[in-house]
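Commentary on secondary and tertiary structure
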Amino acid sequence: MTNSNSNSNSYISITQKPISIKLKASKTTNSFHYKLPSPHRFSRYFVLFLSIWALLSISQVYFSPLPCPHYLWRLRPDPHTTTNDEFWTWARSGVTAFKPCLDFTDSYVNKSRTPVYKRYMVVVVSGGLNQQRNQIIDAVVIARILRAVLVAPILQVNQIWGDDSEFGDIFDISHFKETLKHDVKVVSSLPATHLMRRRIKAPLLPFNAGEEWVHTNYGEGKLDKKSVLILRGFDSRLAKNLTSDLQKLRCKVAFEALRFQAWIEELAERFVRRMREEGPYVALHLRLEKDVWVRTGCHSGLGSEADEVVERERASKPRLLTSRSKLTPRRRYLAGLCPLNANEISWVLKGLGASRKTRMYWAGGEPLGGRDALQPLRADYPKLFNKWSLARPRELDGLKRKPSVLAAIDYQVCLKSQLFLASHGGNMARSLQGHRTFLGYGKPIRPNKRQLVRLFLNTTLTHHQIRSKIKQIHTEEPSDFTNNNKDDAIAYPAHHCMCTP
């Protein structure tokens, strides 16, 4: 808990009519003699004096900061933290000096000049917006490998929200076609001549499938002018370590071709302007929803009742927990596999040097525990906003059941922030991390959760030591060129899609 009123002014209300005391001059001399007031008038002045004195005493009681409960003492701000100027200087220091560089080889360019055979590929993409983005990127790459015409991707209806948005409702399809015209031919719909053509029973794309596998199983006499290839269920299955040209194509699709509809970008830009009213801002992607805690097999830190809710949901749907299912929540936490909760995110921000005045935008769904789940973060950073708190009346009307549009707004506002931090991994964090690197937008912060957990559990460290080590951990993280995941061109585009100026 912080002393939110420590800098506020106390006010005393005083009557508008001034109090005057008359001085009567002596008739016999030029000097003044002070006449004492009568006992009755003296008592009136004395009562007034007592009233003012009492009012001053009361104001000190009501306007003085309340003591902080002992269990929230760790959340108090450090009086020796850096100023916001120092924080933003540090945030800008990590911006890469590289620039986008999508120069394809002569072989790739020459193939692009040859006519495309009338072989059509239809893809059905599922999941949330950012999961769909990943599948669209891979679909373009597969179409390029097969030299097939790509029909505008079909977005599978979200069964939970009933979101029936189509590709053209979310993305600018004209821009998509124009940007990729030298790489893959894209059409809005399957031509009437192919509506009744033979559908290929394509095998499911295995994990880490490479270019050769795609050629062997989807091409080589199977896909011709008399057939249509329909793909679904291929999320994150195409190999990460493709040829240099195909890696560049991935970047081109992700960071240049997939542009949101103009009205979505304009709405997001309004929120960006509101967030920038007092200068730069931090964007947070908070993975605090109930289904996230269920799927990760972790405890939320909200208490036993919340843990029981998660355990019951997990027991009724064991299929949701597919990764390292034998690990206990405690062991998962120690291994750095759990999302950071609001209290831990607040610690990270304070360790990085963000002051209480820093404006924060948080993206994500309704947290488990509702508004109370964000209280530790809001206590330290009261200027905490999301799209709903920034929106004007009726500005988001009609979008509550359009999660893809809402996710697109969050994506754009996070993209334009000076610093972006995610409480957990995932498709959105991965895409934003790479997109911001590609465009040179602010410092990428990838929380090292395994090391953070060790700090949080180390009772021998002072609060100042913990904050210093948090800053050190996230200042010395490896560059995009030395990172072990450098094959992932979307999250780490510098290695494949950028070069020195």
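See above for the structure.
Quick caveat, the model's predicted, so the values are computed rather than measured.

Reading the values: the criteria
Residues numbered from 1 in each chain as written. Predicted model: local features only at pLDDT ≥ 70, side-chain atom pairs only at ≥ 80, totals over all residues. Heavy atoms only, no water. Helix = DSSP H or I, 4+ residues; strand = E, 2+ residues; numbered from the N terminus. Buried < 20%, exposed > 50% of the residue type's maximum accessible area, 1.4 Å probe, protein only. Contact = heavy atoms within 4.5 Å. Areas by Shrake-Rupley, 256 points an atom, 1.4 Å probe, with all protein chains shown as cover. Core = buried A, V, L, I, M, F, W, Y, C linked by side-chain atoms within 4.5 Å. Disulfide = S-S within 2.5 Å. 1 Å grid on protein atoms, 1.4 Å probe; cavity = no way out; pocket = protein on both sides within 12 Å on 5 of 7 lines; lining within 4 Å. Points joined across faces, edges and corners; volume = space filled by probe spheres on them. Nonpolar A, V, L, I, M, F, W, Y, C, P; charged D, E, K, R; others polar. Polar contact = N/O pair within 3.5 Å; in protein donor to acceptor, adjacent residues only side chain to side chain. Axes fitted to C-alpha atoms, helices over the stretch in contact; angles between N-to-C directions. Parallel < 35°, antiparallel > 145°, perpendicular 65-115°, else oblique. Pairing = 2+ DSSP bridges. Right-handed = clockwise from strand over helix to strand, strands pointing away. Salt bridge = Lys/Arg side-chain N within 4 Å of Asp/Glu carboxyl O. Arc of directions from axis to C-beta.

Quick notes on the overall build of the chain
The helix and strand inventory of the chain stands at 20 helices and 13 strands. Within the chain, the fraction of its 501 residues that count as buried is 44%. A separation threshold of at least 6 residues defines the contact pool for the chain, and within that pool the share at least 24 residues apart is 79%. For the chain, the exposed area adds up to about 27,400 Å²; of that, 54% sits on carbon and sulfur atoms.

Quick word on the environment of Glu 220
Relative to the elements of secondary structure, Glu 220 occurs in the loop between α7 (211–218) and β7 (227–232). C-alpha separation for the pair Glu 220 and Leu 146, spaced 74 residues apart in sequence, amounts to 9.0 Å.

Description of the nonpolar core
Counting 81 residues, the largest nonpolar core has Met 121, Ile 142, Leu 146, Phe 176, Leu 249 and Ile 409 as the members making the most contacts within it. Among the elements that make up this core, the one with the highest residue count is helix α4 (residues 129–146) (10 residues). If near-sequence neighbours (up to four positions away) are discounted, Ile 142 is found in contact with Met 121, Leu 205, Val 214, Tyr 218, Leu 231 and Leu 238. Counting 42 residues, the second largest nonpolar core, distinct from the first, contains Trp 293, Cys 298, Val 310 and Leu 352.

Here we look at the state of the cysteines
Under the criterion given, the structure shown has 3 disulfides. Put simply, Cys 251 and Cys 497 are joined by a disulfide, and their sulfur atoms are 2.0 Å apart. Across the S-S bond of Cys 251 and Cys 497 the torsion is about 75 degrees, and the bridge reads as right-handed. In this pair, Cys 251 sits in helix α8 (residues 244–257) while Cys 497 sits in helix α20 (residues 494–497), placing the two residues 246 residues apart along the sequence.

Section: empty space enclosed by the protein
Applying the stated criterion to the full structure yields 2 cavities of 30 Å³ or more. In terms of lining residues, the largest cavity is bounded by Asn 134, Ile 137, Asp 138, Ser 236, Leu 238, Lys 240, Arg 250, Arg 430 and Ile 490. It is α4 that provides the largest number of residues to the lining of the largest cavity, a total of 3 residues. Residues belonging to the lining of the largest cavity are distributed by class as follows: 3 nonpolar, 2 polar and 4 charged. Quantified by volume, the second largest cavity comes out at close to 40 Å³. In terms of lining, the second largest cavity is formed by Tyr 333, Gly 336, Leu 337, Cys 338, Pro 339, Leu 340, Glu 344, Lys 449 and Val 453.

As for helix α13 (residues 342–352)
The buried count for α13 comes to 10 of 11 residues, which makes it a mostly enclosed element. Every buried residue of α13 is listed here: Ala 342, Glu 344, Ile 345, Ser 346, Trp 347, Val 348, Leu 349, Lys 350, Gly 351 and Leu 352. Its side-chain oxygen placed 3.2 Å from the backbone nitrogen of Asn 343, Asn 341 serves as the N-cap of α13. Downstream of α13 by one or two residues, Gly 353 has phi in the positive range, about 105 degrees.

Some details on the packing of helix α18 (residues 449–457) against helix α19 (residues 463–473)
Following both chains from N to C, one finds α18 and α19 inclined at 170 degrees, their axes separated by 10 Å at the closest point. In terms of orientation, α18 and α19 fall into the roughly antiparallel class. Residues Gln 451, Leu 452, Leu 455 and Phe 456 of α18 form the contact with α19, whose own contacting residues are Ile 466, Lys 469, Ile 470 and Ile 473. Its residues placed into classes, the contact of α18 with α19 shows 6 nonpolar, 1 polar and 1 charged.

Quick look at the side chain of Thr 179
Within the secondary structure, Thr 179 sits in helix α6 (residues 173–179). Apart from residues lying up to four places away in sequence, Thr 179 is in contact with Lys 252, Glu 256 and Ala 257.

Considering the pairing of strand β9 (residues 360–363)
Residues Met 360 and Trp 362 of β9 are buried on one face, and the alternating residues Tyr 361 and Ala 363, pointing to the opposite face, are buried as well. Taken together, the 4 bridges between strand β8 (residues 282–285) and β9 define a ladder with parallel strand orientation. Paired with His 285 across the bridge in β9 is Ala 363. In this sheet, strand β10 (residues 384–385) lies alongside β9 in parallel orientation, the contact comprising 2 bridges. When the sheet's bridge partners are listed, Tyr 361 is paired in β10 with Phe 385. Once you follow β9 into helix α14 (residues 375–380) and on to β10, the crossover reads as right-handed.

A look at the pattern of salt bridges
Tallying each qualifying case throughout the model produces 19 salt bridges. Close ionic contact of Arg 270 with Glu 266 constitutes a salt bridge, the shortest N to O distance being 3.8 Å. Residue Arg 270 and its partner Glu 266 are located together in helix α9 (residues 262–275), separated by 4 residues, close to a single helical turn. The exposure class of Arg 270 is partly exposed, given its relative accessible area of 29%. Among the ionic pairs, Arg 270 bridges to Glu 395, the shortest N-O distance being 2.7 Å. Taken together, the positions of Arg 270 in helix α9 and Glu 395 in the loop between α15 (387–390) and α16 (403–415) put the pair 125 residues apart, joining distant regions of the chain.

Some remarks on α18
Inspection of α18 places Lys 449, Leu 452, Val 453, Leu 455 and Phe 456 among the buried residues, and these make up the whole buried set. Taken around the axis of α18, the buried residues stretch over an arc of 160 degrees, which confines them to a single face. Summarising the contacts, the buried residues of α18 are in contact with α12 (329–334), α13 and α19.

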